[in-house]
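So the chains spell out like this:
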Amino acid sequence: MTETFSLRYRPRKFSDVVGQPVVSTVLQKMIINKKVFPCFSPPGSRGTGKTSTARIFASTLLCQNNSSGESCEQCEGCLNGDSDFSIVELDAASNGSVADMRDLRDLVRYQTSSGIRVVIIDEAHCMSREAFNALLKTLEEPPPGTYFVLVTTSPNKIPETILTRSIHLLFKKISLEDIQSRLEFICEKESISLEEGILKSPVFPVDEYRYAEIFEFRAETDAQKKAINELQNKG
């Protein structure tokens, strides 16, 4: 099955993350200094890299050679680190009930072989009030080596009792320049030749599209239509 560009070029290391240098630097410094806060919440609009960065954070923590703040992608921790639920990812939009949080609370009581577990809760604002209450005690007294990442596009919907126990790392909207630079990188990797300057034309609303979905933007000229068709055929 053909791998889509959005998966092929999804960031796997902090150095791959586009447009979020502050967030990446803060997380790397935590890992390098071995002073990782047990819970952080990355709020931001859709498509800014929140979930991808949370996964990178988790894999880097599990890496046995992470002294540089990056994963080596070769050690046992990188290759098989999540085999014993060291990385737990929940979508609160469909698994955000109080029963789900109680199951999670029971799971994190058991230590992993590495002694590290990262729980990523995507769309955390979709959790019910009762689910937040069930999670609160665990956030107040997390098991050793357990870290929580509450990914959200609506931090205003998360209770204050949860927010005050989290570090907030705001994901800003990715700039047009960063999007264009990433597209140029992808085209180069895919050996795609485009008309000079074609990627410099802002033919799409930046706030509504992330770079991984950029090939769906609206074409307005024949040259742009030709470029998009070639990209889609390559993908």
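Everything below is about the structure shown above.
Because the structure is predicted, anything quoted here is derived from the model rather than measured.

Trainee: Teacher, can you tell me more about the overall build of the protein chain here?
Mentor: For the protein chain, the helix and strand inventory stands at ten helices and five strands. The buried share of the protein chain, reckoned over its 235 residues, is 45%. Intrachain contacts of the protein chain at a sequence separation of at least 6 include 76% that bridge at least 24 residues. Carbon and sulfur atoms make up 48% of the accessible area of the protein chain, which amounts to about 12,500 Å² in all.

Trainee: What's the story with the pattern of salt bridges in this structure? I'm lost.
Mentor: If the charged atoms of two oppositely charged side chains come close together, the side chains can form a pair. Per the stated rule, a full pass over the model turns up five salt bridges. With a closest N to O distance of 2.7 Å, R8 and E190 form a salt bridge. With R8 in helix α1 (residues 5-8) and E190 in the loop between α9 (176-189) and α10 (222-234), this pair connects stretches of sequence that are 182 residues apart. Residue R8 is classed as partly exposed on the basis of its relative accessible area, which comes to 25%. Judged by its relative accessible area of 13%, E190 falls in the buried class. Residue E140 is joined to R165 by a salt bridge in which the shortest nitrogen-to-oxygen separation is 2.9 Å. Separated by 25 residues along the polypeptide, E140 in helix α7 (residues 129-140) and R165 in the loop between α8 (160-163) and β5 (167-168) bring together distant segments of the chain. Overall, the relative accessible area of 37% leaves E140 in the partly exposed class. For R165, a relative accessible area of 28% corresponds to the partly exposed category.

Trainee: Got a minute to help me understand the environment of I179 in this structure?
Mentor: Along the chain, I179 falls in helix α9. The exposure class of I179 is buried, given its relative accessible area of 1%. Sequence spacing of I179 and L199 is 20 residues, and the spatial spacing of their C-alpha atoms is 9.2 Å.

Trainee: Explain α9 here, please?
Mentor: At 3.6 residues per turn, the α-helix brings residues three or four places apart onto the same side. In a regular helix each residue adds 1.5 Å, so 14 residues correspond to 20 Å; α9 covers 20 Å between its end C-alpha atoms and thus fits that length. Among all positions of α9, only I179, Q180, R182, L183, I186 and C187 are buried. For α9, the buried positions fall inside an angular range of 160 degrees around the axis, keeping them on one side. Of the exposed residues in α9, the ones pointing more than 90 degrees away from its buried face are E177, E188 and K189.

Trainee: In this structure, what is going on with the side chain of R117? I would like to understand it.
Mentor: Tracing the chain through its elements places R117 in strand β3 (residues 117-122). Within the local environment of R117, its side chain forms a polar contact with the backbone oxygen of Y110, the two atoms lying 2.6 Å apart. What R117 contacts, discounting residues up to four positions off in sequence, is D84, F85, S86, V88, L107, V108, Y110, T112, G145, T146 and Y147.

Trainee: Quick question: what am I supposed to make of the packing of helix α6 (residues 98-107) against α7 here?
Mentor: Helices that pack against each other are described as a pair by the angle of their axes relative to one another and the distance between those axes. Closest axis-to-axis distance for the α6/α7 pair is 7 Å, and the angle between their directions is 15 degrees. By the angle between their directions, the pair α6 and α7 is classed as roughly parallel. The chirality of how α6 crosses α7 is right-handed. Where α6 approaches α7, its residues V98, M101, R102, L104 and R105 are matched on the opposing element by E130, A131, A134, L135 and T138. When grouped by side-chain class, the residues that make up the contact of α6 with α7 number six nonpolar, one polar and three charged.

Trainee: Got a minute to help me understand the sheet that holds β5 in this structure?
Mentor: Strand pairing in a sheet relies on backbone hydrogen bonds, with the paired strands running either antiparallel or parallel. An order of β2-β3-β4-β1-β5 is seen for the five strands of this open sheet, with the pairing classed as parallel. Looking at strand neighbours, the two that pair on one side only are β2 (87-91) and β5, the edges of this open sheet. Across two bridges, strand β1 (residues 39-41) lies against β5 in parallel orientation. Bridging across to β5, S41 finds its partner in H168. Against the sheet, α7 contacts β1, β3 and β4 (146-150), and its axis sits at roughly 135 degrees relative to β4.

Criteria and thresholds
Residues numbered from 1 in each chain as written. Predicted model: local features only at pLDDT ≥ 70, side-chain atom pairs only at ≥ 80, totals over all residues. Heavy atoms only, no water. Helix = DSSP H or I, 4+ residues; strand = E, 2+ residues; numbered from the N terminus. Buried < 20%, exposed > 50% of the residue type's maximum accessible area, 1.4 Å probe, protein only. Contact = heavy atoms within 4.5 Å. Areas by Shrake-Rupley, 256 points an atom, 1.4 Å probe, with all protein chains shown as cover. Salt bridge = Lys/Arg side-chain N within 4 Å of Asp/Glu carboxyl O. Expected span 1.5 Å × (residues − 1). Arc of directions from axis to C-beta. Polar contact = N/O pair within 3.5 Å; in protein donor to acceptor, adjacent residues only side chain to side chain. Axes fitted to C-alpha atoms, helices over the stretch in contact; angles between N-to-C directions. Parallel < 35°, antiparallel > 145°, perpendicular 65-115°, else oblique. Left-handed = near helix turned anticlockwise from the far one by under 90°. Nonpolar A, V, L, I, M, F, W, Y, C, P; charged D, E, K, R; others polar. Pairing = 2+ DSSP bridges.

The quantities given are spatial measurements derived from coordinates; they are silent on function.
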